[in-house]
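Per-entry structural report
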Amino acid sequence: MMSKALYTTLGPLGREALGMILPHEHVYVDLRTPDQPGYASGRAADVVALMAPEIERIKALGITALVECTTGGVGRRADFDLAVSQATAFPIVVPTGNYREPWIPEWVKTASEAELEKWMLRELTERFDEADYKAGWIKLSAGDEGITPLEAKILRAAVRAAIPTGAVIGSHTIKGRVVMDQLDIIEAEGGDASRFISIHTQAEKDFSLNLAVAERGAWIEYDNIGWVDDGELLPLILKVLEAGRGGQLLLSHDMGWYDPALPGGGTARPYTALSESLLPKLRAVGVSEAEITGLTRDNPFEAFARPL
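Figured I'd write up the structure that's included with this text.

Considering unusual backbone geometry
Residue Pro-102 is bonded to the preceding Glu-101 through a cis peptide linkage, with omega at 5 degrees. By the secondary structure assignment, Pro-102 is in the loop between β6 (95-96) and α3 (106-110). Of note, the bond from Gly-256 into Trp-257 is cis; its omega dihedral lies within 30 degrees of zero at -25 degrees. Relative to the assigned elements, Trp-257 resides in the loop between β11 (249-251) and α9 (273-284). The backbone phi angle of Ala-40 is positive, close to 55 degrees, even though this residue is not glycine. Along the chain, the position of Ala-40 falls in the loop between β3 (20-25) and α1 (44-60). Ala-40 gets classed as buried once you look at its relative accessible area, which sits at 13%.

Side note on the sheet that holds β3
Pairing within the open sheet is parallel, and its three strands lie in the order β3-β4-β5. The open sheet terminates on both sides in strands that have one partner only, identified here as β3 and β5 (92-93). In this structure, β3 lies alongside strand β4 (residues 63-68), joined through four bridges in parallel fashion. Its bridge partner lying in β4, Ile-21 is registered against Ala-65.

The rules we used
Residues numbered from 1 in each chain as written. Predicted model: local features only at pLDDT ≥ 70, side-chain atom pairs only at ≥ 80, totals over all residues. Heavy atoms only, no water. Helix = DSSP H or I, 4+ residues; strand = E, 2+ residues; numbered from the N terminus. Buried < 20%, exposed > 50% of the residue type's maximum accessible area, 1.4 Å probe, protein only. Pairing = 2+ DSSP bridges.

See below:
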């Protein structure tokens, strides 16, 4: 009997069923605000046509699951994720939650914290609004210069939904000092920093703040592999390992994705640079296979797994 599992499009999966996991990718995203015509539109068949080949490419590289990071406000379509997953027999971990201002729909703006908590709990324990499977985690965001009252409301509700379910909360947050403010809110609500992921940690150029977030107990995520030269990321990863914080580091691409604002969904960006480029460079500078397994298999599972 599994004690913890990833909650995926294909059901709960334990550690023994999984190998490498990509912790920050996108299958479908709409970065238009929710009030725009055509927001979060499209056909499942079109999303499958664009994205299934990208999934097949990473399956061939030994990737066994990915985490969808498209949340409410930026076009989450759990039904499209499910269609791609079923077409490729590949598990995807999809979030509940909502993004930052101005990507917050009216109903989230006007909902109480209790109503938001109830919504997230239902998606985590019963089903999504738009598809019949359970959310795997909670994704939200904070403003670049500071968390707004509305974003803080969403975060407090998220903590209250996370505590009974064991779900991890991940946040698109650019500044390390804002992450620290978020951790203060989480702890004030009775949550645990170890169940928080600082998404886009590499955007904070003060490395001491990267470490400070990890020292609070949170996960740190370098998720621009393939967007930037490996030479930018390699030293950061080595510094995290040297600081003894490798057990809290997540690595991914922030790639994909079908964009309904573009003809045909645009051009997919492959999820392959970690396997094909960065990992060989890590091996070449002496990072051990055990450390690489930790970074690419163990850490993502521990971050996103929750009790059955």
